[in-house]
Amino acid sequence: MQLNNKPFDLDLTLYCGQIFKWEKKDGWWWGVIEDKPVKIRQVNTQLEIKNASSNLITSYFGLNDNLYEIKRKICKDEHIKKALNRFWGLRIIHQDPWECLISYICATYKSISAIRNMLFKLSKKFGEKIILDDHIFFTFPKPEKLQSVKESDMLACGLGYRSKYVLASSKKVFHNESIFEDLANLPYSQAKKKLIAFPGVGPKVADCILLFSLGKNEAFPIDVWIKRVILHYYSDHFSKQFISKISTTRSITNSEYNHLSEFGRTYFGEYAGYAQEYLYHFERMIS
DNA sequence: TTCCAGGTTCCAA
DNA sequence: TTGGAACATGGA
């Protein structure tokens, strides 16, 4: 599949921490899309794909998002410009909302390597085994499966206190099959409000789900890394008192979260989520 | 051993 | 509404 002048960097996109279940081995990326095993690699402007159509790959990796237009809109200052230039081709994947919900509930207060381990264990224990070219994959477990497992089995996957949240949210999804379709059709703030009602989902997790799986590109998730970015490069946009307060405490309050996130949305605009991803990855790579 | 992790929940003030 | 502790676990 030819990229035809569409900027795309497969490695960056899969490596930047937005998605957890892809593995790189023997020069190929191995993952599961819509319950099918897929392998893919990039050679310059060509994508070599096994077991997925070009259409599926195009929609999954958001290749129809106009990255030039996005860059033009979010490139508001020298810092974001630096991040855009260094990591040009990083795209926001269109994840499955169900998997995204559970993944980001698990992602709270955990390192990326630990999150990956949790989700691989969860898939191995409760998902379906599938094979492509001798590589063994496990699909992400379905709501009907996860909502029925014992908490002790979930604890065995290393989920810790998140187990009860995953169980409760799975039950909620299981009893409302059209939930994600409904959420995708709602405007950002209404969808966010509904997501926060899920056990284990706060403002940050909700913003990640909205951005990574429900097409809400204006979502601007605030985590420890983005808080650092704001303290280092964007503190001028806030009062000294506010900056002083958030720099002295580890976690932020709800109203502080809203203040920071609202800044991101208004400053960067309709594609704030892209800005967030570039800034997030840049901060992680330089520190 | 200690620290910290793509935070959320619960409870007291 | 707000502030702060508790929360399970594993990787560095």
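Numbering of residues starts from 1 in each chain and follows the order in which that chain's sequence is written. Chains carry letters from A onward and ligands carry numbers from 1 onward, assigned in written order. Selection of residues for local features in this predicted model requires a pLDDT of at least 70, selection of side-chain atom pairs for listing and counting requires 80 or more, and totals for whole chains, interfaces and linings are taken over all residues. Water and hydrogen atoms were dropped before computing side-chain values, which therefore reflect all heavy atoms in the structure.

### Structural notes on the environment of T108
Part 1 of the reasoning: Strands here mean DSSP runs of E at least two residues long; helices mean DSSP runs of H or I at least four residues long; both are numbered from the N terminus. Its place among the elements puts T108 in the loop between α5 (97–106) and α6 (112–126).
Part 2 of the reasoning: Leaving out residues up to four positions away in the same chain, T108 has contacts with Y161, R162 and V205.
Part 3 of the reasoning: Each polar contact in these results corresponds to two N or O atoms within 3.5 Å; when the atoms are within protein, one needs to be able to donate a hydrogen and the other to accept it, and residues that are neighboring in sequence are counted only if both atoms are side-chain atoms. Polar contacts involving the side chain of T108 include one to the main-chain carbonyl oxygen of I105, which spans 3.2 Å. Two residues form a contact once any of their heavy atoms are found within 4.5 Å.

### Here's the deal with helix α15 (residues 254–268)
Part 1 of the reasoning: To estimate how far a helix should reach, multiply one less than its number of residues by 1.5 Å. Its 15 residues give α15 an end-to-end C-alpha distance of 21 Å, which sits within 8% of 21 Å, the value for a rise of 1.5 Å per residue.
Part 2 of the reasoning: E256, Y257, L260, S261, F263, G264, R265, Y267 and F268 are the residues of α15 that are buried.
Part 3 of the reasoning: Phi turns positive one or two residues past the end of α15, at G269, with a value near 85 degrees. Working definition: with a 1.4 Å probe on protein chains only, accessible area under 20% of the residue-type maximum means buried, over 50% means exposed, and in between means partly exposed.

### Some remarks on the sheet that holds strand β2 (residues 28–33)
Part 1 of the reasoning: As summarised here, the arrangement of the four strands in space is β1-β2-β3-β4, forming an open sheet in which the pairing is antiparallel. Strand pairing shows two members of the sheet lacking a second neighbour, β1 (23–25) and β4 (46–50), which therefore form its edges. With direction set aside, neighbouring strand axes in the sheet form an average angle of 30 degrees.
Part 2 of the reasoning: The pairing of β1 with β2 spans three bridges and is antiparallel. Its bridge partner being in β2, K25 is matched across the sheet by W28. A pair of strands is labelled paired if DSSP reports no fewer than 2 bridges between them. Fitted lines through C-alpha atoms serve as axes, helices being fitted only where they are in contact, and the angles separating the N-to-C directions of these axes extend from 0 to 180 degrees.

### Observations concerning the nonpolar core
Part 1 of the reasoning: Within this scheme, the nonpolar core is defined by two criteria: the residues are buried Ala, Val, Leu, Ile, Met, Phe, Trp, Tyr or Cys, and they are joined through side-chain atoms within 4.5 Å. L101, I102, L122, L195, Y234, F268 and Y278 are the most contacted members of the largest nonpolar core, which has 75 residues in total.
Part 2 of the reasoning: Not counting residues up to four positions away in its chain, the partners in contact with L122 are I102, G127, P141, L146, M154, C157 and L159.

### Quick word on the pairing of strand β3 (residues 36–43)
Part 1 of the reasoning: The sheet contact formed by β2 and β3 spans five bridges and is antiparallel. Counted as the bridge partner of W30 is K39 from β3.
Part 2 of the reasoning: The hairpin formed by β2 and β3 contains two residues between the paired strands, and E34 there has a positive phi angle of roughly 50 degrees.
Part 3 of the reasoning: Where β3 lies against β4, five bridges are found, and the strand directions are antiparallel. Of the residues in β4, the one forming a bridge with I40 is I49.

### Here we look at the protein's contact with DNA strand B
Part 1 of the reasoning: By nearness alone, 29 residues border DNA strand B, and K110, S111, I112, D223 and Q276 come closest of all.
Part 2 of the reasoning: At 3.3 Å, a backbone N or O of Y109 approaches a base nitrogen of DNA strand B.
Part 3 of the reasoning: One nitrogen or oxygen atom from the main chain of G200 is found 2.8 Å from a phosphate oxygen belonging to DNA strand B.
Part 4 of the reasoning: Secondary-structure elements contributing two or more residues to the surface near DNA strand B are α12 (203–213), α13 (224–233) and α16 (272–286).
Part 5 of the reasoning: Counted by class, the surface near DNA strand B contains 16 nonpolar, seven polar and six charged residues. Here a residue is considered near a molecule or strand provided that any single heavy atom belonging to it is located within 4 Å of it. Under this grouping Gly is polar, as are all residues other than the nonpolar Ala, Val, Leu, Ile, Met, Phe, Trp, Tyr, Cys and Pro and the charged Asp, Glu, Lys and Arg.

### Observations regarding the domain arrangement of chain A
Part 1 of the reasoning: An automatic or database domain assignment is the source of the domain bounds shown. Split into domains, chain A comes out as domain 1 (10–86), domain 2 (97–213) and domain 3 (224–286).
Part 2 of the reasoning: Look at where the C-alpha atoms of domain 2 and domain 3 centre, and you get two points 25 Å apart.
Part 3 of the reasoning: With nine residues of domain 2 in contact, the opposing surface of domain 3 contributes 10 residues.
Part 4 of the reasoning: Once two parts are brought into contact, the accessible area they lose, counted with a 1.4 Å probe and summed over both, makes up the buried area. Carbon and sulfur atoms make up 60% of the surface buried where domain 2 meets domain 3, a total of about 660 Å² over both sides.
Part 5 of the reasoning: Considering only the surface of domain 2 that becomes buried against domain 3, I112, P203 and L211 emerge as the three largest contributors, covering 47% of it.

### Quick look at α16
Part 1 of the reasoning: Given a rise of 1.5 Å per residue, 15 residues ought to cover 21 Å, and the 21 Å separating the end C-alpha atoms of α16 matches this to within 8%.
Part 2 of the reasoning: With 12 of its 15 residues buried, α16 lies for the most part within the structure.
Part 3 of the reasoning: Listing the buried residues of α16 in full gives A272, G273, Y274, A275, Q276, E277, Y278, L279, Y280, H281, F282 and E283.

### Some words on the pattern of salt bridges
Part 1 of the reasoning: Any carboxyl oxygen of Asp or Glu that lies within 4 Å of a side-chain nitrogen of Lys or Arg is treated as forming a salt bridge with it. Scanning all chains against the criterion turns up 11 salt bridges.
Part 2 of the reasoning: The partner of E270 in a salt bridge is K73, with the nearest N and O atoms 2.5 Å apart. You can see E270 sitting in the loop between α15 and α16 and its partner K73 sitting in helix α3 (residues 67–74), a full 197 residues away along the chain.
Part 3 of the reasoning: Judged by its relative accessible area of 27%, K73 falls in the partly exposed class.
Part 4 of the reasoning: Between E262 and R265 there is a salt bridge whose closest N-O contact spans 2.5 Å.

### Concerning the protein's contact with DNA strand C
Part 1 of the reasoning: Around DNA strand C sit Y109, K110, S113, N117, G158, G160, Y161, R162, K164, K245, T253 and S255, and those are all the residues in its vicinity.
Part 2 of the reasoning: A breakdown of the atoms of DNA strand C within 4 Å of the protein gives sugar and phosphate a share of 55%.
Part 3 of the reasoning: At 3.4 Å from a base nitrogen of DNA strand C is found a side-chain nitrogen or oxygen belonging to Y109.
Part 4 of the reasoning: A distance of 3.1 Å separates a sugar or linking oxygen of DNA strand C from a polar backbone atom of Y161.
Part 5 of the reasoning: Counting residues per element, the ones that place at least two in the surface near DNA strand C are α6 and α9 (162–174).
Part 6 of the reasoning: Class assignment of the residues belonging to the surface near DNA strand C gives a composition of two nonpolar, six polar and four charged.

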